[in-house]
Amino acid sequence: MSGTILCRADEIAEGQARGFLVGEGIARRDVVLVRRDGALRAYVNSCPHQGTPLETFPDKFLNEDGSLLVCSTHGARFRVEDGVCVSGPCVGKALTRIACDVRDGVVVLMS
Ligand code: FES
């Protein structure tokens, strides 16, 4: 199987998100995987404002209703659906999406 395996798809419940560190050395990536309306999406866990990881506490990425990813550094909020910032210091910029797929119940990063 090509790609990078993250976890079983059923480990990420509706309205939940989880962080992953994948790869080694300079290929190491910080990734957030989030589920909304049944769909799983993966983003590079790096805020487009100043490049910090979004979360302060492990796996605490989302606002209360699970509709927005929140950067804990200065409060930018990003739509789960497309990663676009809708509030905060980087409105209009977006998280970097990473293609992912579910194969045999396992989430795989495609790039
Ligand atoms: S670094 Fe994310 S809002 Fe400033």
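Conventions adopted
- Residues numbered from 1 in each chain as written.
- Predicted model: local features only at pLDDT ≥ 70, side-chain atom pairs only at ≥ 80, totals over all residues.
- Heavy atoms only, no water.
- Helix = DSSP H or I, 4+ residues; strand = E, 2+ residues; numbered from the N terminus.
- Rg over C-alpha atoms; globule rule 2.2 N^0.38 Å.
- Buried < 20%, exposed > 50% of the residue type's maximum accessible area, 1.4 Å probe, protein only.
- Lys, Arg positive; Asp, Glu negative; His and termini not counted.
- Charge placed at Lys NZ, Arg CZ, Asp CG, Glu CD.
- Core = buried A, V, L, I, M, F, W, Y, C linked by side-chain atoms within 4.5 Å.
- Contact = heavy atoms within 4.5 Å.
- Pairing = 2+ DSSP bridges.
- Salt bridge = Lys/Arg side-chain N within 4 Å of Asp/Glu carboxyl O.
- Polar contact = N/O pair within 3.5 Å; in protein donor to acceptor, adjacent residues only side chain to side chain.
- Axes fitted to C-alpha atoms, helices over the stretch in contact; angles between N-to-C directions.

(A) Region of interest: the overall build of the protein. The secondary structure content of the protein amounts to 0 helices and 10 strands. Against the globule reference of 13 Å for 111 residues, the protein gives a C-alpha radius of gyration of 13 Å, in line with a compact fold. Taking all 111 residues of the protein together, 34% fall into the buried category. The positive charge centre, built from 13 side chains, and the negative charge centre, built from 14, are 4 Å apart in the protein.

(B) Main features of the nonpolar core. Among the nonpolar cores identified, the biggest contains 15 residues, and L54, L69 and F78 are the most heavily contacted of them. Not counting residues up to four positions away in its chain, the partners in contact with F78 are C47, P48, L54, S67, L68, L69, C71, G83, V84, C85, C90 and L95. Counting 13 residues, the second largest nonpolar core, distinct from the first, contains A9, L33, L40 and V107.

(C) The arrangement of the sheet that holds strand β2 (residues 17-22) in detail. In spatial order, the strands read β2-β3-β4-β8; together these 4 strands make up an open sheet with antiparallel pairing. Edge strands, defined here as strands with exactly one partner in the open sheet, are β2 and β8 (97-98). Of the strand pairs in this sheet, β2 and strand β3 (residues 29-36) are connected by 6 bridges, and their pairing is antiparallel. Bridge pairing in β3 places G19 opposite V32.

(D) Highlighting the pattern of salt bridges. Tallied over the entire structure, the rule returns 5 salt bridges. Here R79 ties to D82 by a salt bridge, and the two come within 2.7 Å at their closest N and O atoms. With a relative accessible area of 33%, R79 lands in the partly exposed category. Residue classification places D82 among the partly exposed positions, given a relative accessible area of 32%. Here the residues in one salt-bridge network are R8, D10, E11 and R18, joined through shared partners.

(E) Structural detail: the side chain of R41. Within the element layout of this structure, R41 appears in strand β4 (residues 39-44). Summary of buried charges: R41 has no salt-bridge partner, and the nearest side chain of opposite charge, E81, is 5.9 Å away. Polar side-chain contacts of R41 include one of 3.0 Å to the backbone oxygen of E81. Residues within four places of R41 in sequence aside, it is in contact with V32, L33, V34, R36, V80, E81, R97 and C100.

(F) Fine view of the sheet that holds strand β10 (residues 106-109). Pairing is antiparallel across the open sheet formed by 3 strands, whose spatial order is β1-β10-β9. The sheet terminates laterally at β1 (4-8) and β9 (100-103), the two strands that pair on one side only. On average, adjacent strands in this sheet sit at an angle of 30° to one another, irrespective of strand direction. Note that β1 and β10 share 4 bridges and pair antiparallel. Its bridge partner lying in β10, I5 is registered against V108.

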